[in-house]
Amino acid sequence: QVQFVESGGGLVQPGGSLRLSCAASGLTELTFSYYDIRWYRQAPGKERELVATITHTGGTNLADSVKGRFTISRDNARKTVALQMNNLKVEDTAVYYCGIHPYWGQGTQVTVSS
């Protein structure tokens, strides 16, 4: 079964940085390399928001709210996708999820607070 597991969340002050990791399992490296992987986030009382996408060719797309601050990357050999989050803002506080439809991880909590 295809699974995604997020890690790297935590508590950080505004302006700080975190690096989230998304590890895939239940599929081969080759199959993983075919996928376009996405990061979503959801804050309490808010709808789920698409944050970043990395395509099977390595192309990236970022939400306007995080452009210039976040970077998405992938390592097909390790079957992982990373989300580097810099200059974090309070409004970035959310649970962050990675995967492909219909496979998503359990999420990792990011809290930005002074």
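Everything below is about the structure printed above this text.
Description of the structure in this document. These numbers come from a predicted model, not from an experiment.

So, about the side chain of Thr53. Position of Thr53 relative to the elements: it lies in strand β5 (residues 49-54). One polar contact links Thr53 to Arg38, side chain to side chain, over a distance of 2.8 Å.

The next point concerns the nonpolar core. Counting residues in each nonpolar core, the largest one holds 28 residues, and the members touching the most others are Phe4, Trp39, Leu83 and Tyr96. Breaking this core down by element, the ones donating at least two residues are β3 (18-25), β4 (37-42), β5, β7 (70-75), β8 (80-85), β9 (94-100) and β11 (108-112).

Glancing now at the environment of Tyr97. Along the chain, Tyr97 turns up in strand β9. Each C-alpha atom, one on Tyr97 and one on Ser21, is 10 Å from the other, the two residues being 76 residues apart in sequence. Apart from residues lying up to four places away in sequence, Tyr97 is in contact with Glu6, Arg38, Trp39, Tyr40, Gln42, Arg48, Gly105, Gln106 and Gly107.

Another aspect to go through is the packing of aromatic side chains. Enumeration over the complete set of coordinates arrives at 1 aromatic pair. Aromatic pair Tyr40 and Trp104: ring centres 5.1 Å apart, planes at 85°, arrangement edge-to-face. Taken together, the residues span a long stretch of sequence, with Tyr40 in strand β4 and Trp104 in strand β10 (residues 103-104) at a distance of 64 residues. The residue whose ring lies beneath Arg48 is Tyr97, and the NZ or CZ to ring-centre distance is 4.4 Å.

As a further point, take the pairing of β11. Across the two faces of β11 the burial differs, with Thr108, Val110 and Val112 buried and Gln109 and Thr111 not buried at all. Where β9 and β11 come together, 3 bridges link them in antiparallel fashion. Its bridge partner being in β11, Val95 is matched across the sheet by Gln109.

With that settled, consider the side chain of Thr108. Position of Thr108 among the secondary structure elements: in strand β11. In terms of polar contacts, Thr108 uses its side chain to reach the backbone amide nitrogen of Gly9, at 3.1 Å. For Thr108, the residues in contact, after removing those within four places along its chain, are Glu6, Ser7, Gly8, Gly9, Leu20, Ala94, Val95 and Tyr96.

Here we come to the pairing of β7. Only one face of β7 is covered, namely the one carrying Phe70, Ile72 and Arg74; the face carrying Thr71, Ser73 and Asp75 has none of its residues buried. In textbook terms, the turn of a hairpin is the stretch between consecutive antiparallel strands, and for β7 and β8 this stretch comprises 4 residues, one of which, Lys79, has a positive phi near 55°.

Parameters at a glance
- Residues numbered from 1 in each chain as written.
- Predicted model: local features only at pLDDT ≥ 70, side-chain atom pairs only at ≥ 80, totals over all residues.
- Heavy atoms only, no water.
- Helix = DSSP H or I, 4+ residues; strand = E, 2+ residues; numbered from the N terminus.
- Polar contact = N/O pair within 3.5 Å; in protein donor to acceptor, adjacent residues only side chain to side chain.
- Core = buried A, V, L, I, M, F, W, Y, C linked by side-chain atoms within 4.5 Å.
- Buried < 20%, exposed > 50% of the residue type's maximum accessible area, 1.4 Å probe, protein only.
- Contact = heavy atoms within 4.5 Å.
- Phe/Tyr/Trp six-rings, centres within 6.5 Å; stacked < 30°, edge-to-face > 60°.
- Lys NZ or Arg CZ within 6 Å of the ring centre and 35° of its normal.
- Pairing = 2+ DSSP bridges.

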